[in-house]
Amino acid sequence: MFVRSECPRIEALAAKVVGVHGNNHPELLTVQELFATLSDELAVHLMKEEQILFPHILRMEESLLEGEPAPPAMFGTVMNPIRMMMQEHDGAGGALRALRKVTSDYKVPDDACISYRTLYDALQEFEKDLHQHIHLENNVLFPRASAMEAGR
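Residues numbered from 1 in each chain as written. Predicted model: local features only at pLDDT ≥ 70, side-chain atom pairs only at ≥ 80, totals over all residues. Heavy atoms only, no water.

You can see Leu-130 is positioned in helix α4 (residues 114-150). Take Leu-130: its relative accessible area is 1%, and that puts it in the buried class. Taking the C-alpha atoms as reference points, Leu-130 and His-89, 41 residues apart in sequence, are found 9.2 Å from one another. Ignoring sequence-local partners within four residues, the contact set of Leu-130 consists of Val-3, Leu-42, Ala-92 and Leu-96. (Helix = DSSP H or I, 4+ residues; strand = E, 2+ residues; numbered from the N terminus. Buried < 20%, exposed > 50% of the residue type's maximum accessible area, 1.4 Å probe, protein only. Contact = heavy atoms within 4.5 Å.)

Below is the structure:
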């Protein structure tokens, strides 16, 4: 998964760029901190999706295809974890907006080296991928899971 593979790469790149340019560009420290926090939160978020929510949705789908009742969930209704995931998606969106703001829309300064440029490019690509991930879950998967549980 793109998010999982990119987080360590971007964190290492941010550390390198902060080490070289941090004195002249103190905003880079904020970029590094924002991304590290986002990365940590996404690691927990992905684990909850992959270990709890997605397997349950898959079991619901299998039950529906087999004409069986949906298995009971340990978390009550599927909407409970979905609400939590959507709140976390909102938090990630806020972190992405903060990154975009602190980087002035990923505008690299004139004295930026290749690593600096690569960092900003990577952050933009990460943002694009994460927005797509969030869109698909919030607007396709979660409504479908809710409808399956409701028997629609």
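What follows continues from the structure just given.
What the rule picks out here adds up to three aromatic pairs. An angle of 75° between the planes, with centres 5.1 Å apart, marks the rings of Phe-35 and Phe-126 as edge-to-face. Of this pair, Phe-35 sits in helix α2 (residues 27-65) while Phe-126 sits in helix α4, and the two are 91 residues apart along the sequence. Comparing Phe-35 with Phe-126 shows no difference in burial state: the two are buried. An aromatic cluster is defined as three or more aromatic residues linked by ring pairs; in this entry it consists of Tyr-106, Tyr-116 and Tyr-120. (Phe/Tyr/Trp six-rings, centres within 6.5 Å; stacked < 30°, edge-to-face > 60°.)

Within α2, the axis deviates most sharply at Glu-49, by approximately 40°. Among the residues trailing α2, Gly-67 stands out with phi positive, at a value near 70°. (Bend = angle between axes of the 7 residues up to and from the residue.)

Moving on: empty space enclosed by the protein. What the rule picks out here adds up to one cavity of 30 Å³ or more. Here the largest cavity is characterised by a volume of approximately 30 Å³. Sorting the residues of the lining of the largest cavity by element identifies α2, α3 (79-102) and α4 as the ones contributing at least two each. Tallied by class, residues from the lining of the largest cavity come to four nonpolar, three polar and one charged. (1 Å grid on protein atoms, 1.4 Å probe; cavity = no way out; pocket = protein on both sides within 12 Å on 5 of 7 lines; lining within 4 Å. Points joined across faces, edges and corners; volume = space filled by probe spheres on them. Nonpolar A, V, L, I, M, F, W, Y, C, P; charged D, E, K, R; others polar.)

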